[in-house]
Amino acid sequence: MKYAIVTGASKGLGKEVAKNLLQNGYHVYTVARQQQVDELEMLSQQVTTEYHHVAKDLSDLSEIESFSKLLTDNLSGQPIDELLLVNNAGMVTPMGPVGQLEDSSIAKHVTLNLTAPMMLVNTIKATIDAKHLTVINITSGAAEKAIYGWNAYSSTKAAINQYTETAALEADELSSGDTHIAFSPGVMDTDMQGEIRSASSDDFKDVDNFKQLKENNQLRSAKDVADLLQQLIDQPETLENGRVYRVYDLVK
């Protein structure tokens, strides 16, 4: 049996990824701060695969631990041929230069963008027996360059890339058969983009560029990006362990 876990699946890319997985025969667990996603529930009934949603805030350590325990309780002992974890949940805020951010906001940001993915992978590997584990960490082009006002976001995404590469190295050394990749979706027409466009130029110097992307219809839809990611998921034998896959490399 095939199982998938998708974080941040109440909207945007996470929801579209979950929809694709349900349609491709995966039993899907989703987690987000919001309650049940009716669209996913209805789809699961149509395709007769299981769908479970958990309302948790993964920027809170206790909520991460609670969700991890739920996964362990529900999936340990199950006959799992393939287990897929898509670490999609993330935030771009707080935005602003060093010295002008709230410490509590920084802590929540790092917990959601970095600590939660690491803890979930660690728990799943330690407690759930799957013939093959694939981890996809959603990253960003911001991981590869310094951007004024994005000291938190760029740093956590750079860390996610390094974590992916290191976890893949360990998997190869241990001959576990696990696959760890990162996926950079580029600029999409999502709520996060709306947050970015609403920032002041004092906090985020590139805000006008992002506004122009929206005005010029240069933002890909979350569905289009999810479909490109599904192409990777459908060809596990071609995945390069530890690689960052960028959406513009996949567009033909």
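So, a few notes on the structure that sits alongside this text. The shown structure was predicted, so the numbers you read here are calculated from the model rather than taken from an experiment. Counting restarts for each chain, with residues numbered from 1 along the sequence as it is written. Only residues with pLDDT of 70 or above have their local features reported here, since the model is predicted, and side-chain atom pairs are shown and tallied only from 80 upward, although totals for entire chains, interfaces and linings are computed over all residues. Hydrogens are left out, water is left out, and the side-chain values use all remaining heavy atoms of the structure.

This part is about the overall build of the chain. Scanning the chain from N- to C-terminus turns up 9 helices and 7 strands. Only protein chains enter the accessibility calculation, which uses a 1.4 Å probe; a residue is then buried when its area is under 20% of its type maximum, exposed when over 50%, and partly exposed in between. Relative to its 252 residues, the chain shows a buried fraction of 51%. Note on contacts: a residue pair is in contact if any heavy atoms of the two residues lie within 4.5 Å. Looking at the chain alone, contacts between residues at least 24 apart form 68% of all its contacts between residues at least 6 apart. Every accessible area reported is derived by Shrake-Rupley at a probe size of 1.4 Å, with residue values counting cover from the shown protein chains alone. Counting every atom, the chain has about 12000 Å² of accessible surface; 46% of that belongs to carbon and sulfur. A run of H or I in DSSP becomes a helix once it reaches four residues, and a run of E becomes a strand once it reaches two; helices and strands are each numbered from the N terminus.

Owing to its 3.6 residues per turn, the α-helix brings residues three or four apart onto one side. Given the number of residues in a helix, its expected span is that number minus one, multiplied by 1.5 Å. Taking 1.5 Å of rise per residue, 12 residues should cover 16 Å, and helix H8 (residues 222-233) covers 16 Å from first to last C-alpha, within 8% of that figure. Buried-residue contacts for H8 involve helix H1 (12-23), strand E4 (80-87), strand E5 (130-138), strand E6 (179-184), strand E7 (244-246) and helix H9 (247-250).

A word on the nonpolar core. Counting residues in hydrophobic clusters, the biggest one holds 30 residues, and the most contacted among them are Val17, Leu21, Val28, Leu84, Ile136, Phe183 and Leu229. Contributions of two or more residues to this core are made by strand E1 (2-7), H1, helix H2 (38-47), E4, E5, E6, H8 and H9. In terms of residue count, the dominant contributor to this core is H8 (6 residues). Beyond its immediate stretch of four places on either side in the chain, isoleucine 136 contacts Leu84, Leu85, Val86, Asn87, Ile181, Phe183, Leu229 and Ile233. Among the nonpolar cores identified, the runner-up in size contains 25 residues, and Ile64, Leu85, Met91 and Ile124 belong to it. We define a nonpolar core as any set of buried Ala, Val, Leu, Ile, Met, Phe, Trp, Tyr and Cys residues linked to one another through side-chain atoms lying within 4.5 Å.

This part covers the pattern of salt bridges. Salt bridges, as used here, are contacts in which a Lys or Arg side-chain nitrogen is within 4 Å of a carboxyl oxygen on Asp or Glu. Evaluation of the coordinates by the stated rule reveals 10 salt bridges. Here arginine 246 ties to glutamate 144 by a salt bridge, and the two come within 2.8 Å at their closest N and O atoms. On the criterion of sequence distance, the pair formed by arginine 246 in strand E7 and glutamate 144 in the loop between E5 and helix H5 (151-174) is long-range, its members being 102 residues apart. On the accessibility criterion, arginine 246 (22% relative accessible area) is partly exposed. For glutamate 144, a relative accessible area of 46% corresponds to the partly exposed category. Residue lysine 223 is joined to aspartate 227 by a salt bridge in which the shortest nitrogen-to-oxygen separation is 3.1 Å. In this pair, lysine 223 and aspartate 227 are both assigned in helix H8, 4 residues apart and thus about one turn of the helix distant. Of the residues examined, lysine 223 reaches a relative accessible area of 43% and is grouped as partly exposed. One salt-bridge network, held together by shared partners, links Lys15, Glu16, Lys19 and Glu39.

Where H1 contacts H2, the axes come no closer than 9 Å and their chain directions differ by 10°. Judged by the inter-axis angle, H1 sits roughly parallel to H2. In contact with Lys15, Ala18, Lys19, Leu22 and Gln23 of H1, H2 contributes Glu39, Leu40, Leu43, Ser44 and Val47. Polarity classes work like this: nonpolar for Ala, Val, Leu, Ile, Met, Phe, Trp, Tyr, Cys and Pro, charged for Asp, Glu, Lys and Arg, and polar for all others, with Gly in that last group. In the contact of H1 with H2, the residues fall into 5 nonpolar, 2 polar and 3 charged. A fitted line through C-alpha atoms serves as each axis, taken over the contacting stretch for helices, and the angle formed by two N-to-C directions is quoted from 0 to 180°. The labels follow the angle: roughly parallel below 35 degrees, roughly antiparallel above 145, roughly perpendicular from 65 to 115, and oblique for the rest.

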